[in-house]
Amino acid sequence: MNWQKLEQELITLRHKLHQTPELSDKEAGTAAKIETFARQHSPDQIITQLGGHGIAVLYKGREAGPTLLIRCDMDALPIHETNDDLDYRSTNAGVSHKCGHDGHMAIAAGLLPMLASEKPTRGKVIILFQPAEETGEGARRVINDPQFESLIPDYAFALHNLPGYNLASVIVGENTFASASTGLIVKLNGRTAHAAEPEKAISPALAITQLIQSLPLLPTHSTGKDFALLTIIHAQLGERAFGTTPGYAELMITLRAHTNKQLKSLCSSAEKEIRKVADNHHLRTSMEWVEAFPATLNHPDCNREIIKAANTLNLTVENLKTPFRWSEDFGHFTHHFKGALFGFGSGLNQPELHNPAYNFPDEIILKGSRLFYQIIKQIDH
Ligand SMILES: [Zn+2]
Ligand SMILES: [Zn+2]
């Protein structure tokens, strides 16, 4: 393998993906670029339109054996890129790869030429390019897609780059790696009236202010000292009309916890509190749960393989002391299959994920591909 040439090819691919980012569920152009790249590396099978714009690239061994799945994510974010000095900056206004999924795809793509030149001896290896990670929808849809029946993995692996950690350091954690979270949309319905006659209205103004104060205090009451967090992310009351007493309010909330059980308990306390406050103010309520991410639970067997591979390649391994507060929709995979998600350092001076100045570092692409390839070889041996 000509590593230098391959590295250059992967960097070029990442820059192309970076330049033309697409939001969750709009990844058609991204999928086309990945498919074109994959076809150049003689896979045994390519499955497209998986759970949306997802693509699975398969390499099969001659003997029976385990199915190993390596997953990366494809979507970008609704963030305006501020890295004006980049010659490959986003050309899609208001959209950019600020979570590094362009880099994750380049790392996964790097496995294709490696697997093409040395096919697995046993079982099969699936390189999965998964859509819609940011909304928590993609993984669930891929797993529920009838085409996924032929792809059920014995082991599933994924990485996420992590700013604030040394370049290409490997961050592992047993049990919960990333938290469970869910979004909640609360609609409070009363009745509008003229602004001159507020006594004739049923205004949700007091209820919404009360909830904004009481809901964030719930985690300490409902889950004790275990980590749980409730964040009010959006609120709307009435309309911009000086003549009207509002009759409608909407509140959007993100709830998160280290375990699925803690999250469930937090959700039910939140529901109770919302109903109580709404009843006190004679409001009708509706609640909609959206963007649910289960906790990502790492299997010890898979963690061991990651650490072994990192050691073989002389990459620094760091143990995570407490699970990350953020969520990853790879949690849907670890919920169903034996798997692990690990962190891959993207530099101490790297702006944080979702920051408009963030940019995935090219220097870790080939290292990431080789790390995954080492895991594949270990399981295939
Ligand atoms: Zn993200
Ligand atoms: Zn991400």
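Source: prediction; values computed, not measured. (Residues numbered from 1 in each chain as written. Chains lettered and ligands numbered in written order. Predicted model: local features only at pLDDT ≥ 70, side-chain atom pairs only at ≥ 80, totals over all residues.)

Chemist: Sorry, what's going on with the pairing of strand 4 (residues 122-130) here?
Modeler: Side chains on a regular strand alternate between the two faces of the sheet. Most of strand 4 is tucked away: 7 of the 9 residues are buried. Between strand 3 (residues 63-73) and its parallel partner strand 4, the chain crosses via helix 3 (residues 101-117), and the hand of that crossover is right-handed. (Buried ≥ 20, exposed ≤ 12 C-beta atoms within 10 Å, placed from the backbone. Helix = DSSP H or I, 4+ residues; strand = E, 2+ residues; numbered from the N terminus. Right-handed = clockwise from strand over helix to strand, strands pointing away.)

Chemist: Help me out: how do you make sense of the sheet that holds strand 6 (residues 170-172) in this one?
Modeler: By way of backbone hydrogen bonds, the strands of a sheet pair with one another, either parallel or antiparallel. Spatially, 1-2-4-3-5-16-6-15 is the arrangement adopted by the 8 strands of the open sheet, whose pairing is mixed. Of all strands in the sheet, those with a lone pairing partner are strand 1 (45-50) and strand 15 (317-319), marking the two edges. When the angles between neighbouring strand axes are averaged without regard to direction, this sheet yields 25°. In terms of strand pairing, strand 6 meets strand 15 through 3 bridges, oriented parallel. In the strand pairing of strand 15, Val170 is matched with Val317. (Pairing = 2+ DSSP bridges. Axes fitted to C-alpha atoms, helices over the stretch in contact; angles between N-to-C directions.)

Chemist: Looking at this structure, I do not really get the sheet that holds strand 13 (residues 284-293). What am I missing?
Modeler: In spatial order, the strands read 10-12-8-13; together these 4 strands make up an open sheet with antiparallel pairing. A single partner strand is all that each edge strand has here, and the edge strands are strand 10 (228-237) and strand 13. When strand polarity is set aside, the average angle formed by the axes of neighbouring strands in this sheet is 15°. By the bridge criterion, 9 bridges tie strand 10 to strand 12 (residues 248-257) in an arrangement that is antiparallel. Looking at strand 12, one finds that Thr231 is bridged to Thr254. Packed onto the sheet, helix 5 (residues 205-214) meets strand 8 (180-189), strand 10 and strand 12 and runs at close to 155° relative to strand 10. (Contact = placed C-beta atoms within 7 Å.)

Chemist: Just checking my understanding: could you explain unusual backbone geometry for this structure?
Modeler: Backbone geometry follows two general trends: most residues other than glycine have a negative phi, and most peptide bonds adopt the trans configuration. In the Ramachandran plot, Ser42 falls in the positive-phi region, its phi being about 25° despite a non-glycine side chain. Along the chain, Ser42 turns up in the loop between helix 2 (28-39) and strand 1. Residue class for Ser42 comes out partly exposed when judged on the 13 C-beta atoms lying within 10 Å of it. Of note in the backbone geometry, His354 takes a positive phi value of approximately 75° without being a glycine. Within the fold, His354 resides in the loop between strand 16 (339-345) and helix 10 (365-380). You can call His354 partly exposed: it has 13 C-beta atoms within 10 Å.

Chemist: What is the right way to read the packing of helix 3 against helix 10 from this model?
Modeler: Axes are the key here: two packed helices are described by the angle between their axes and the distance separating the axes. Between helix 3 and helix 10, the shortest axis-to-axis distance is 8 Å and the interhelical angle comes to 55°. Comparing their axes, helix 10 and helix 3 come out oblique. Crossing handedness for the pair helix 3 and helix 10: right-handed. Within the contact between the two elements, helix 3 uses Gly103, Ala106, Ile107, Gly110, Leu111 and Met114 and helix 10 uses Ile365, Leu366, Gly368, Ser369, Phe372 and Tyr373. (Parallel < 35°, antiparallel > 145°, perpendicular 65-115°, else oblique. Left-handed = near helix turned anticlockwise from the far one by under 90°.)

Everything listed is a geometric property; what it means functionally is a separate question.
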